[in-house]
Amino acid sequence: MPHIRFLFVRLAVCYRLPSSIRCLLDSAELLVLPATGRTVDFHHTITRALPGAPIKTRQSILDAAKAIIIEEGIGALTMERAATKAGISKGACMYHFKSKRALQAALVEEYAAHLSSELARHEALFDGPPEETLVPGFIEWFRSFDHDNHGWSTVGLAIHSNFVHDEELMRPVKLWYERLHARIAALPEDVRTPALVAIMAIEGFFYSHKFEVDLVSPKLKIQAWHFILENLVHNHAAAQTEH
């Protein structure tokens, strides 16, 4: 029956069934219900019926988009390329992201969420109240980033350099920085300025890495971390940053 054929084709396209099945009617987007002659959006119907499927498919598209940026640059990112990289049809891709701009916006949102989770993860390595863990956590975050950032350096650079003048797209990133600076502003007066100087110095290390001009030796970096902790924020966590 035609509707059964449509069903299996779209399952193959969207959920990575064998290529021998995927080659059939790859562009089919509608499911025909023979009893009524009514057509329905296949992808919408199937993803509602499969728990977790929309989230997984959406994330696979974002992962594909990031991979394209890392491997070929943001100029190579198109809806077609993202769909192909994710192993789905363009129609399935556009079910989750109606346009390239929507995909770009989701990438920026994910980048901002990544910044939040990474800072929180590295701050959690240190004991003490937030005003004592911020700078050590920031330093440890860069140490991890410097060792292996899993391509986020390239993604971050692409986002900042291509969308810097697009206030709407960059809003999630600016909100992240607003929250960071609000934390600094809320610090006790005697540590506020030293913490700001420390954070901005570490930001310099982040951006020199992103722009591939990080020429500082590992030994000198360790000395810089200790200088920041011991002379700027007077934090006894300095010993924890030495490996």
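Residues numbered from 1 in each chain as written. Predicted model: local features only at pLDDT ≥ 70, side-chain atom pairs only at ≥ 80, totals over all residues. Heavy atoms only, no water.

**Here's the deal with the nonpolar core**
Thinking step 1. Membership of the largest hydrophobic core comes to 55 residues, with the highest contact counts inside it found for Leu103, Val135 and Phe138.
Thinking step 2. Each residue touching Val135, except ones within four places of it in the same chain, is listed here: Ala195, Ala198, Ile199, Ile202, Ile228, Leu229 and Val233. (Core = buried A, V, L, I, M, F, W, Y, C linked by side-chain atoms within 4.5 Å. Buried < 20%, exposed > 50% of the residue type's maximum accessible area, 1.4 Å probe, protein only. Contact = heavy atoms within 4.5 Å.)

**Some remarks on the pattern of salt bridges**
Thinking step 1. As enumerated under the stated definition, the model contains 13 salt bridges in all.
Thinking step 2. Here Asp63 and Lys66 are joined by a salt bridge, their closest N and O atoms 3.4 Å apart. Here Asp63 pairs with Lys66, and both are found in helix H4 (residues 53-72), just three residues apart, close to one helical turn.
Thinking step 3. Lys66 gets classed as buried once you look at its relative accessible area, which sits at 12%.
Thinking step 4. Between Glu110 and Lys66 there is a salt bridge whose closest N-O contact spans 3.1 Å. Highlighted residues: Glu110 in helix H7 (residues 100-123) and Lys66 in helix H4, separated in sequence by 44 residues. (Salt bridge = Lys/Arg side-chain N within 4 Å of Asp/Glu carboxyl O. Helix = DSSP H or I, 4+ residues; strand = E, 2+ residues; numbered from the N terminus.)

**Notes on empty space enclosed by the protein**
Thinking step 1. In total, this model carries one cavity of 30 Å³ or more according to the counting rule given.
Thinking step 2. In this structure, the largest cavity spans a volume of roughly 100 Å³.
Thinking step 3. Looking at the largest cavity, it is lined by 13 residues, and the ones nearest its centre are Tyr111, Leu115, Trp141, Phe206 and Lys210.
Thinking step 4. Of all the secondary-structure elements, those providing two or more residues to the lining of the largest cavity are H7, helix H8 (130-147), helix H9 (152-163), helix H10 (167-185) and helix H11 (189-210).
Thinking step 5. In terms of residue count, the dominant contributor to the lining of the largest cavity is H11 (four residues).
Thinking step 6. By residue class, the composition of the lining of the largest cavity is nine nonpolar, two polar and two charged. (1 Å grid on protein atoms, 1.4 Å probe; cavity = no way out; pocket = protein on both sides within 12 Å on 5 of 7 lines; lining within 4 Å. Points joined across faces, edges and corners; volume = space filled by probe spheres on them. Nonpolar A, V, L, I, M, F, W, Y, C, P; charged D, E, K, R; others polar.)

**Re the environment of His209**
Thinking step 1. Tracing the backbone shows His209 in helix H11.
Thinking step 2. Residues His209 and Thr154, spaced 55 residues apart in sequence, show a C-alpha to C-alpha distance of 9.7 Å.
Thinking step 3. Among all residues touching His209, those that are not within four sequence positions of it are Phe142, Phe145, Asp146, Asn149, Ser153 and Asp214.

**A closer look at the packing of aromatic side chains**
Thinking step 1. Inspection of every chain in the model, using the stated rule, returns 12 aromatic pairs.
Thinking step 2. Both rings, one in Trp176 and one in Tyr177, keep their centres 4.8 Å apart while their planes meet at 90 degrees; by these two values the pair is edge-to-face.
Thinking step 3. For Tyr177, a relative accessible area of 19% translates into the label buried.
Thinking step 4. Measuring from centroid to centroid gives 4.8 Å for Phe205 and Trp225, while their planes differ by 65 degrees, and the two rings are edge-to-face. Here Phe205 is found in helix H11, whereas its partner Trp225 is found in helix H12 (residues 218-232), with 20 residues between them in sequence. Comparing Phe205 with Trp225 shows no difference in burial state: the two are buried. (Phe/Tyr/Trp six-rings, centres within 6.5 Å; stacked < 30°, edge-to-face > 60°.)

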